[in-house]
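Residues per chain, in single letters:
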Amino acid sequence: MKLPRNTGFVTVDLLALATNPNYFKDLPATSGSEPAIRLLSYDDTFKNDILGPSATARKAADLSWEAFHEAGIYNRETNSIYATSNYQDLNDNINITVISLEDYSITSTQFPDLWEANGGTSWYPPGSDYSGAPPAQLYCDEGDFDHYSALISVDVVKNTSTTILNSYYGRNFSSLNDVRQHPKTYDLWFTDAAYGFYQDFRPVPTIPQMVYRFDPSTGELAVVADGFDQPNGLELSPDGLTLYVTDTGAQHFTANTTRPATTYAYDIVDQKRLENRRIFAYADIGLPDGIHTDTKGNVWAAAGDGVHVWSPEGKLLGKIWIGETSNNFAFIPGGVLVFSNYRLWLVEGINAQGREICKDFGKGEGC
Ligand SMILES: *[C@@H]1O[C@H](CO)[C@@H](O)[C@H](O)[C@H]1NC(C)=O
Ligand SMILES: *[C@@H]1O[C@H](CO)[C@@H](O)[C@H](O)[C@H]1NC(C)=O
Ligand SMILES: *[C@@H]1O[C@H](CO)[C@@H](O)[C@H](O)[C@H]1NC(C)=O
Ligand SMILES: *[C@@H]1O[C@H](CO)[C@@H](O)[C@H](O)[C@H]1NC(C)=O
């Protein structure tokens with residue numbers, strides 16, 4: 001099937017926006033009635049360097065159910081990206097959506113003992129050969145009324161799963177949300193939010209919403225940050241010196257836009273601890289959810305109208321605009337797949353390379 005392509009960038013005039021609150025919604029590019037994808041340049045580097053002038057964008061799938069929500073984990077053997085679908089009800093586990101990179105065909109599956117999967121990452125379990133394709137995927141299982149919230153490792157080819165962690169020294173987590181593996185220590189850094197409770201499939205939280213570091217080879221587990229409303233996405237800078245954590249507190253049972261929709265940055269000290277918490281950026285619409293860096297250190301976050309891209313200094317450079325909420329996205333070589341629940345979007349021919357492309361795909365810068 002040949003899908004229509006939209007090419008061309010739209011330049012956002014920041015000085016016009018500064019004195020006209022309706023400027024953005026009145027742009028011809030953003031005022032259509034159908035969902036559409038646009039490349040909005042807030043700074044010339046977005047068009048010229050980060051995406052590059054030959055980038056093209058299109059819709060890749062539009063389904064009748066919410067297949068494209070979180071995660072977005074590559075597996076080299078199947079040449080597919082694995083996304084988690086959106087929660088529906090307790091009668092059915094959250095599906096895993098398999099997006100083939102051969103032809104962008106979509107299938108859905110479930111894995112054993114994985115109940116309400118949310119964020120995830122490819123990872124090297126202890127004892128693996130830490131070069132080559134990561135042998136497993138690690139999902140944050142939010143849990144439900146009968147099952148612990150847990151980190152679950154899945155071999156997607158063998159269709160097997162293993163519980164890696166399901167409590168803080170016996171205390172239940174609330175709803176684990178997202179996880180990254182440190183590229184040098186192989187520790188797992190993850191967030192615990194309360195969305196299972198807010199979506200009525202988890203009990204009332206019994207522990208604060210915090211960020212943790214876990215050494216899967218020894219079992220050492222530590223809280224590394226608190227003070228959040230809802231810690232959600234997290235990501236390292238490519239040099240391993242900064243940790244970004246999004247706070248999506250603007251959404252509980254309902255939305256309240258006076259609460260955080262904010263990305264915080266920390267210094268990672270001795271590869272183990274966090275210091276110097278500071279505001280990195282505030283999303284102008286919705287909330288920054290899933291977050292990934294590129295190899296140049298730009299910070300990309302899924303938010304209320306698409307993917308927002310900031311420089312390492314926190315300057316908004318551009319948006320992959322889709323006019324509806326995106327919860328996450330996945331870098332592929334030369335491109336990015338953007339998830340917006342019912343829909344999947346594709347930007348191709350870009351210059352930027354995701355931080356983990358070399359690890360996951362075995363090609364690109366750094367390999
Ligand atoms: C799982 O996927 C099927 C399509 O393959 C869809 O009909 C169903 O609604 C999905 N279930 C959930 C819980 O997302
Ligand atoms: C993997 O196992 C689950 C059950 O845990 C099953 O529902 C699913 O169909 C299996 N997938 C494959 C490809 O066999
Ligand atoms: C912890 O979660 C397990 C699994 O859902 C549950 O059986 C147990 O009662 C919970 N413990 C507390 C103290 O809530
Ligand atoms: C929104 O949240 C703020 C801060 O927590 C609170 O003061 C305010 O009452 C809330 N507004 C509504 C409409 O719930």
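Source: prediction; values computed, not measured. (Residues numbered from 1 in each chain as written. Chains lettered and ligands numbered in written order. Predicted model: local features only at pLDDT ≥ 70, side-chain atom pairs only at ≥ 80, totals over all residues. Heavy atoms only, no water.)

Engineer: Just checking my understanding: could you explain empty space enclosed by the protein for this structure?
Structural biologist: Evaluation of the coordinates by the stated rule reveals one cavity of 30 Å³ or more. Around the largest cavity, the lining comprises 23 residues; the ones closest to its centre are Gly72, His292, Phe331, Glu356 and Asp360. Grouping the amino acids of the lining of the largest cavity by side-chain chemistry returns eight nonpolar, eight polar and seven charged. (1 Å grid on protein atoms, 1.4 Å probe; cavity = no way out; pocket = protein on both sides within 12 Å on 5 of 7 lines; lining within 4 Å. Points joined across faces, edges and corners; volume = space filled by probe spheres on them. Nonpolar A, V, L, I, M, F, W, Y, C, P; charged D, E, K, R; others polar.)

Engineer: When you look at the layout of surface pockets in this model, what are you seeing that I'm missing?
Structural biologist: Rolled over the atoms, a probe as big as a water molecule pinpoints where empty space is left. When its volume is computed, the largest pocket comes out at roughly 570 Å³. Looking at the largest pocket, it is lined by 26 residues, and the ones nearest its centre are Pro183, Lys184, Pro238, Arg355 and Lys359. Only strand 19 (262-269) and helix 5 (357-361) provide two or more residues apiece to the lining of the largest pocket. Taken together, the residues of the lining of the largest pocket break down into nine nonpolar, nine polar and eight charged. Roughly 440 Å³ of internal volume is contained in the second largest pocket. The wall of the second largest pocket is formed by 24 residues, among which His69, Tyr195, Gln251, Asp289 and Asn327 lie closest to the centre. (Helix = DSSP H or I, 4+ residues; strand = E, 2+ residues; numbered from the N terminus.)

Engineer: Got a minute to help me understand the pairing of strand 10 (residues 136-141) in this structure?
Structural biologist: Remark: a regular strand shows side chains that alternate across the two faces of the sheet. Across the six residues that make up strand 10, a large majority, six, are buried. Of the two faces of strand 10, both are covered, the one formed by Ala136, Leu138 and Cys140 as well as the one formed by Gln137, Tyr139 and Asp141. Relative to strand 10, strand 9 (residues 117-123) runs antiparallel, the two being bridged by five bridges. Within the sheet, the bridge partner assigned to Ala117 lies in strand 10 and is Asp141. Bridging between strand 10 and strand 11 (residues 150-155) involves five bridges; their strand directions are antiparallel. (Buried < 20%, exposed > 50% of the residue type's maximum accessible area, 1.4 Å probe, protein only. Pairing = 2+ DSSP bridges.)

Engineer: Looking at this model, I keep getting lost on the sheet that holds strand 6 (residues 80-84). Mind explaining?
Structural biologist: Strand pairs in the sheet, formed through backbone hydrogen bonds, run parallel or antiparallel to each other. With antiparallel pairing, the four strands of this open sheet are ordered in space as 5-6-7-8. Here the strands that pair on one side only, and so sit at the sheet edges, are strand 5 (70-75) and strand 8 (106-109). Ignoring which end each strand starts from, the neighbouring axes of this sheet average 25° apart. Alignment of strand 5 against strand 6, held across five bridges, turns out to be antiparallel. Residue pairing in the sheet places Glu70 in a bridge with Thr84 of strand 6. (Axes fitted to C-alpha atoms, helices over the stretch in contact; angles between N-to-C directions.)

Engineer: Help me understand the state of the cysteines in this model?
Structural biologist: Every disulfide links exactly two cysteines, by a covalent bond between their sulfur atoms. Here the structure, examined in full by the defined rule, presents one disulfide. The disulfide that involves Cys358 links it to Cys367, with 2.1 Å between the sulfurs. With the S-S dihedral at roughly 120°, the linkage between Cys358 and Cys367 falls on the right-handed side. Since its relative accessible area comes to 57%, Cys367 is described here as exposed. (Disulfide = S-S within 2.5 Å.)

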